[in-house]
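What follows is each chain in one-letter form.
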Amino acid sequence: MRFPLTRENDPTKIDEPKAIKMLHYAIDSGINLLDNAWPYHRETSEKFVGKALKGGYRKKVYLSTKLPVWLIKSREDPRKYFNTQLKRLQTDTFDLYLLHALRKTSWKTVKEFDVLAFLDEVKAAGKIRFAGFSFHDELPLFKEVVDAYKWAFCLIHLNYVDDDFQAGIKGLEYAHKKGLAVMIMEPLRGGKLANKVPDGVVNLISQTGRVQTPAEFALRWLYNRAEVSCVLSGMSTLEQVKANIRFASKEHMGTLTPEESAIYEKVKKFYRTRTAVNCTQCGYCMPCAQGIPISFIFELFNDAHMYDALENSRWMYSVFIKSGNRADKCIACRECEEKCPQKILIAETLEKAHALLAES
Ligand SMILES: NC(=O)c1ccc[n+]([C@@H]2O[C@H](COP(=O)([O-])OP(=O)(O)OC[C@H]3O[C@@H](n4cnc5c(N)ncnc54)[C@H](OP(=O)(O)O)[C@@H]3O)[C@@H](O)[C@H]2O)c1
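Residues numbered from 1 in each chain as written. Predicted model: local features only at pLDDT ≥ 70, side-chain atom pairs only at ≥ 80, totals over all residues. Heavy atoms only, no water.

Before going further, it helps to examine helix α1 (residues 16-28). With 13 residues, α1 should reach 18 Å at 1.5 Å per residue; the first-to-last C-alpha distance of 18 Å fits that figure. Summarising the contacts, the buried residues of α1 are in contact with β1 (33-34), α3 (45-52) and α11 (238-248). Note on α1: the residue one or two positions beyond its end, Gly30, has a positive phi of about 110°. (Helix = DSSP H or I, 4+ residues; strand = E, 2+ residues; numbered from the N terminus. Expected span 1.5 Å × (residues − 1). Contact = heavy atoms within 4.5 Å.)

Structure representation (structure tokens):
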């Protein structure tokens, strides 16, 4: 989902030579699971990865992708998407296959079109090895979904700031107790916990007495927990791949001291009081029919709060976004809100962001 691009803000333009180098380096260094999904890079990611895994790389990894449940309109649709995905990824089987982004509406679709029976069928036919789901809703629904099928695993949003968000820690513990392997997405809040980290956070992290980057600090909190089976790390440069492999190669489970845990709590408080909108730049909301660069506007909105950088955010807003694509052009069609994994009230938040950023 986070491959490097040849053209900024155009996810279809994967920088293939760079991305292939990253993938091959990762696999040659022992990374053995690749996550993917139908909509990533506006539907170009699966095809690219299929190409990149030629030359013997496919059999060295657990290949994972996800059924776009929100697109299902009939009982035949799951098979149609599944077969297209097999072709795109140039494979006969998926090691892991997930129902993507389950929430109230998509869970209804799963029941309506008997998608769980479809999972049984492809499992019995040997076309998938492990069935799972990714989740973006509240804890009670998470428990219901966990209990509804013989899942091998699930994928939840978790990091030290969002520990009670959606499934959260309670969901992690619940699924683990029920025998599911738990994979984690957005461990760095989409990069927000690793890049452009405010000085106040850097100072707190230094109080741990460990020499570590903010990315390591965030990943360590997850690696420390026995219930976490796998941390999916989105990486957009080879340096990030190298750094994360180096870090993951150390022993982490059960090593956090009570003093360190207290520091995570302080950093969490710092972020929570300064985050204006919980956007992780995943891009699921795009494209917007009005051409509004939603996640970029939310980034400027957050930066204004996080770094006391209001003037700079206002300047970027006026220079980099054409007047016809600014937040006040939102018509509140709410198509993006349906797709947002964070369930952000995008229309209202755009209005607030415009009120702040358009002032001079
Ligand atoms: N986000 C979702 O809603 C979602 C949903 C379903 C599945 N997933 C899957 O879960 C994966 C993980 O989620 P995520 O991509 O949001 O993960 P993440 O780790 O929270 O964010 C990835 C971003 O973190 C930054 N980063 C990674 N390693 C770094 C390092 N060592 N130093 C500095 N910065 C670093 C990069 O940001 P820069 O690019 O800014 O450098 C990278 O693009 C996704 O790639 C996708 O496969 C995500």
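In this section: a positive patch on the surface. Residues Lys21, Lys242, Arg246 and Lys250 make up a contiguous surface patch of positive charge. Mapped onto the fold, Lys21 is located in helix α1. (Patch = residues over 30% accessible without salt bridge, like charges linked within 9 Å, V, L, I, M, F, W, Y side chains within 5 Å. Areas by Shrake-Rupley, 256 points an atom, 1.4 Å probe, with all protein chains shown as cover. Salt bridge = Lys/Arg side-chain N within 4 Å of Asp/Glu carboxyl O. Lys, Arg positive; Asp, Glu negative; His and termini not counted. Charge placed at Lys NZ, Arg CZ, Asp CG, Glu CD.)

With that out of the way, let us pick up the packing of helix α10 (residues 214-223) against helix α12 (residues 258-274). Across the interface, α10 lies against α12 with an axial gap of 12 Å and an inter-helix angle of 120°. If you check the angle between α10 and α12, you find them oblique. Along this stretch, α10 crosses α12, giving a crossing that reads as left-handed. Contact residues: Phe217, Arg220 and Trp221 in α10; Glu260, Ile263, Tyr264 and Val267 in α12. Of the residues assigned to the contact of α10 with α12, the class counts are 5 nonpolar, no polar and 2 charged. (Axes fitted to C-alpha atoms, helices over the stretch in contact; angles between N-to-C directions. Parallel < 35°, antiparallel > 145°, perpendicular 65-115°, else oblique. Left-handed = near helix turned anticlockwise from the far one by under 90°. Nonpolar A, V, L, I, M, F, W, Y, C, P; charged D, E, K, R; others polar.)

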